[in-house]
Amino acid sequence: MVPNGVPVTLELQTLDDYRIIATAGRDGDVHVTGLPLRPVDETLARVAVIELVSFLVIVIAGAIASMSFVRWSLRPLTAVARVAVEVSDQPLDAGHVDLGDRDLPTDPSTEVGQVGLAVHHLLDHVEASLRARHATEEQLRLFIADASHELRTPLATIRAHAEFARMTPGLPEPVNASLDRIDSESERMGRLVNDLLLLTRLDAGRPLDCTEVDLTRIVVEAVTNARARTPGHGWRLDLPRQTVLTQGDPYRLAQVVTNLLTNAATHTPEGTTVSIALHRSETVDEVTVADDGPGFDASVVSSLFDRFSRADPSRNRSNDNAGLGLAIARGIVHAHGGQLTAERDHDVTTFRVTLPRARSRSIRTEQQAEPIPVSLTRRQDDLPADH
């Protein structure tokens, strides 16, 4: 070691690291002075740990303070979000709409207040537009209802005069043909007026009759009538072993099944097989009407139940078809708390009616007032084995 007075660090095997300085004495001796580095290293390590912990504490505290400040400053946006959620949860597609009270920040001096003010004005505009739409719908509904009522009398008068004129002896054949045409067209218009009046009542939410309904009997009678009208189709019937009783309007439910069967028979050629099935579960009763005739494109499913809808020009249309049958069926099913859907899968068109069974019950087949006739099917192998 050179006695130059410069401190150096030495690693002593038995004493760890030392900081040593060597200086020359007056008599030529070398004086060596040293201190251990362990206390210094331990002190520096503790300082480093303290500084690290202090830094983390300051960072965490700053982050918490910043988050708290941000949340406090953006707290008015919570009210905006709450109002937006409440509005989005309301049924805005039909009926009277009231967006309710809106507790929104409206201070134009802040950005959040400007947002709240803009949302408030937007909701006011939406509410005014929905109210105007509802008023227009109510006026249109009243007009249709009044017009339907007013048209009943002249239509009955036209039919009565046509019938009276037909009783005149010696009328030429062209006159008789014209009278028959007048009578048939007035009858068709009368059915259209009744359908429009029914749709208006359904739109107005008027309650239907609610009695115990034998859904099995309704299906059987509807299929029997459909087979009599269109014997060229094959009719298959699948019923459960127990008679299905539900709560509802028997006339309207029968109208639903009849409309679906008429739709299947009208829009399919002769030789098409139409299958009607009635299924039960613990929660719903389900009626399905399926046919293997020409189907509709999947793109028209959304408008299939619209009024005066012409779903697919490839399906034949009757001249007496006004395009209201499916709309009426859907309205009646919805009035009963159910759903009416349509689908096309594997060349089979299926209409499915689902009715809730919250207040329904069923009895044994042996208690049926009328047996299920075997003559419902055009071919013997079309019948299910149980019936």
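For the structure itself, consult the block above.
Residues numbered from 1 in each chain as written. Predicted model: local features only at pLDDT ≥ 70, side-chain atom pairs only at ≥ 80, totals over all residues. Heavy atoms only, no water.

Student: In this structure, what is going on with the packing of helix α6 (residues 250-266) against helix α7 (residues 325-335)? I would like to understand it.
Tutor: Helix-helix packing: each pair is described by the crossing angle between the helix axes and the interaxial distance. In contact at an axis separation of 9 Å, α6 and α7 are set at 145° when each is read in the N-to-C sense. Note on packing geometry: the crossing formed by α6 with α7 is left-handed. Contacts from Arg252, Leu253, Gln255, Val256, Asn259, Leu260 and Asn263 of α6 reach α7 at Gly325, Leu326, Ile328, Ala329, Ile332 and Val333. By residue class, the composition of the contact of α6 with α7 is eight nonpolar, four polar and one charged. (Axes fitted to C-alpha atoms, helices over the stretch in contact; angles between N-to-C directions. Helix = DSSP H or I, 4+ residues; strand = E, 2+ residues; numbered from the N terminus. Left-handed = near helix turned anticlockwise from the far one by under 90°. Contact = heavy atoms within 4.5 Å. Nonpolar A, V, L, I, M, F, W, Y, C, P; charged D, E, K, R; others polar.)

Student: Hey, could you run me through the sheet that holds strand β2 (residues 16-24) in this one?
Tutor: Adjacent strands of a sheet form backbone hydrogen bonds with each other and so pair up, either parallel or antiparallel. Judged by pairing direction, the sheet is antiparallel, and its three strands sit side by side in the order β1-β2-β3 without closing on themselves. The sheet is open, and its two edges are formed by β1 (8-12) and β3 (30-36), each paired on a single side. On average, each strand axis in the sheet is tilted by 40° relative to the strand beside it, whichever way the strands run. Two elements, β1 and β2, share five bridges in a ladder whose sense is antiparallel. Counted as the bridge partner of Thr9 is Arg19 from β2. (Pairing = 2+ DSSP bridges.)

Student: Any chance you could explain the nonpolar core here in plain terms?
Tutor: Within soluble globular proteins, side chains that are nonpolar generally end up buried alongside one another. One finds Trp235, Leu260, Leu261, Ile276 and Val353 to be the most contacted residues of the largest nonpolar core, which totals 41 residues. Setting aside chain neighbours within four positions, we find Val353 in contact with Val256, Leu260, Asp285, Glu286, Val287, Val333, Gln339 and Leu340. Val80, Val83, Val87 and Leu104 belong to the second-largest nonpolar core, a separate cluster that totals seven residues. (Core = buried A, V, L, I, M, F, W, Y, C linked by side-chain atoms within 4.5 Å. Buried < 20%, exposed > 50% of the residue type's maximum accessible area, 1.4 Å probe, protein only.)

Student: Whenever I open this one, helix α2 (residues 75-89) confuses me. Can you help?
Tutor: A turn of α-helix holds 3.6 residues, and therefore any two residues three or four places apart point the same way. The end-to-end C-alpha distance of α2, which contains 15 residues, comes to 22 Å, matching closely the 21 Å that a straight helix rising 1.5 Å per residue would cover. Of all the residues in α2, the buried ones are Ala79, Val80, Val83 and Val87. End-on view of α2: buried residues confined to an arc of 100°, all on one side of the axis. Seen from the buried face of α2, the exposed residues on the opposite side, beyond 90 degrees, are Arg75, Thr78, Ser88 and Asp89. Buried residues in α2 make contact with α3 (111-166). (Expected span 1.5 Å × (residues − 1). Arc of directions from axis to C-beta.)

Student: What am I meant to see in the side chain of Thr268 here?
Tutor: Checked against the element boundaries, Thr268 lands in the loop between α6 and β7 (273-280). Here His233 takes part through its side chain, which lies 2.9 Å from a polar atom of the side chain of Thr268. Polar contacts involving the side chain of Thr268 include one to the main-chain carbonyl oxygen of Ala264, which spans 2.4 Å. (Polar contact = N/O pair within 3.5 Å; in protein donor to acceptor, adjacent residues only side chain to side chain.)

Student: What is the right way to read the sheet that holds strand β10 (residues 348-356) from this model?
Tutor: Across the sheet, five strands lie side by side as β5-β7-β8-β10-β9; this open sheet has mixed pairing. Of all strands in the sheet, those with a lone pairing partner are β5 (234-238) and β9 (339-345), marking the two edges. When the angles between neighbouring strand axes are averaged without regard to direction, this sheet yields 15°. Examined bridge by bridge, β9 and β10 share seven bridges and lie antiparallel to one another. Its bridge partner lying in β10, Arg344 is registered against Thr349.

Student: What's the story with empty space enclosed by the protein in this structure? I'm lost.
Tutor: Regions of empty space are outlined by a rolling probe, equal in size to a water molecule, passed over the atoms. Applying the stated criterion across every chain, the model contains two cavities of 30 Å³ or more. Of the voids in this model, the second largest cavity is the one considered here, and its volume is about 50 Å³. Taken together, Leu215, Leu253, Val256, Val257, Val287, Val353 and Leu355 make up the full set of residues lining the second largest cavity. Those elements that place two or more of their residues in the lining of the second largest cavity are α6 and β10. Among the elements that take part in the lining of the second largest cavity, α6 stands out by supplying three residues, more than any other. (1 Å grid on protein atoms, 1.4 Å probe; cavity = no way out; pocket = protein on both sides within 12 Å on 5 of 7 lines; lining within 4 Å. Points joined across faces, edges and corners; volume = space filled by probe spheres on them.)

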